[in-house]
Amino acid sequence: QCMAGELFVSNNTCECMNENCATADCSANVSAAVTVAQAVVTIFPEKAFDHGTSEMGPCDEVFPGYEGEILVECMSGVYSMDSQQCIAPPCEPEWSGAEVLIVGIEGWVTPSAMLSSGSSFEVNCSVVHPGLLGTISAQCLAGNVAVLGQTCVPATCSNPTTFSLEGTVFDVTVPLNGSSNGASH
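Caption draft 1: Representation of the pattern of salt bridges within the structure. Applying the stated criterion to the full structure yields one salt bridge. In this structure, the salt-bridge partner of lysine 47 is glutamate 55, at a minimum N-O distance of 2.6 Å.

Written out as structure tokens, the structure reads:
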């Protein structure tokens, strides 16, 4: 924010209108905008800064979960922020996931390997239930998994799973709602 009567705002930057503001300090609790990954957050530095000084602060305080540091700088009474060093956390198979509800069945979708934020992935619907066919699309967003869509459908009895055991062939249909398996040999 510009100091009333001393700075002029033009194209989101402040320009000095007289010599007094050229070395003006930045006041505490004056708003400043910070952008990371298309998200804009307004922050209010808790302490005053002298003109021409800067300080690094943790990204996590502004963008929870992010790693790195934000540069806070004071020039001519105006705060500026540089968040280029803020890095979104990845999605890890053992920590990141999303709950899904497909045809009345609850499940959990996780990436099979560590993914960087913004990466998309697909998993088979059978991770929710072995009787489902299709895929679930998801994306890693700052360490969290977001389900984007799914094409899951129950397997039909006309497509049973076939396996053999000691020379005997079995056709098995896995039920989705607690009905008994149909098996033949």
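Once you've had a look at it, read on.
Caption draft 2: Inspection of the sheet that holds strand β6 (residues 69-75) at higher detail. As summarised here, the arrangement of the three strands in space is β5-β6-β7, forming an open sheet in which the pairing is antiparallel. The open sheet has two edge strands, β5 (54-58) and β7 (78-82), and neither has a second partner. Strand-to-strand twist in this sheet, taken as the mean axis angle between neighbours without regard to direction, amounts to 25°. Here five bridges tie β5 to β6, and the two strands are oriented antiparallel to one another. When the sheet's bridge partners are listed, methionine 56 is paired in β6 with leucine 71.

Caption draft 3: How the structure looks around the sheet that holds strand β12 (residues 135-141). One open sheet accounts for three strands, arranged β10-β12-β13; its pairing is antiparallel. The open sheet terminates on both sides in strands that have one partner only, identified here as β10 (120-124) and β13 (144-150). Taking each pair of neighbouring strands and ignoring which way they run, the sheet shows an average axis angle of 30°. One ladder, built from five bridges, connects β10 with β12; its direction is antiparallel. Bridge pairing links asparagine 124 to threonine 135 in β12.

Caption draft 4: Quick look at unusual backbone geometry. In the Ramachandran plot, serine 76 falls in the positive-phi region, its phi being about 55° despite a non-glycine side chain. Its place among the elements puts serine 76 in the loop between β6 and β7.

Caption draft 5: Up close: the pairing of β6. Side chains Ile70, Val72 and Cys74 project from β6 onto a buried face, and the interleaved Glu69, Leu71, Glu73 and Met75 project onto a face without burial. Strand direction decides the pairing type here: β6 and β7, joined by five bridges, are antiparallel. When the bridges of β7 are listed, methionine 75 appears paired with valine 78. Here β6 folds back onto β7, and the loop between the two strands holds two residues, one of which, serine 76, carries a positive phi near 55°.

Caption draft 6: Geometry of the packing of aromatic side chains. Following the criterion strictly, the structure yields two aromatic pairs and no others. Ring geometry for phenylalanine 49 and tyrosine 79: centres 5.5 Å apart, planes at 90°, overall edge-to-face. Here phenylalanine 49 is found in the loop between β4 (39-43) and β5, whereas its partner tyrosine 79 is found in strand β7, with 30 residues between them in sequence. For phenylalanine 49, a relative accessible area of 7% translates into the label buried. Exposure remark for tyrosine 79: the relative accessible area of 8% places this residue in the buried category.

Thresholds, definitions, all that
Residues numbered from 1 in each chain as written. Predicted model: local features only at pLDDT ≥ 70, side-chain atom pairs only at ≥ 80, totals over all residues. Heavy atoms only, no water. Salt bridge = Lys/Arg side-chain N within 4 Å of Asp/Glu carboxyl O. Pairing = 2+ DSSP bridges. Helix = DSSP H or I, 4+ residues; strand = E, 2+ residues; numbered from the N terminus. Axes fitted to C-alpha atoms, helices over the stretch in contact; angles between N-to-C directions. Buried < 20%, exposed > 50% of the residue type's maximum accessible area, 1.4 Å probe, protein only. Phe/Tyr/Trp six-rings, centres within 6.5 Å; stacked < 30°, edge-to-face > 60°.

By themselves, these figures tell us nothing about what the structure is for.
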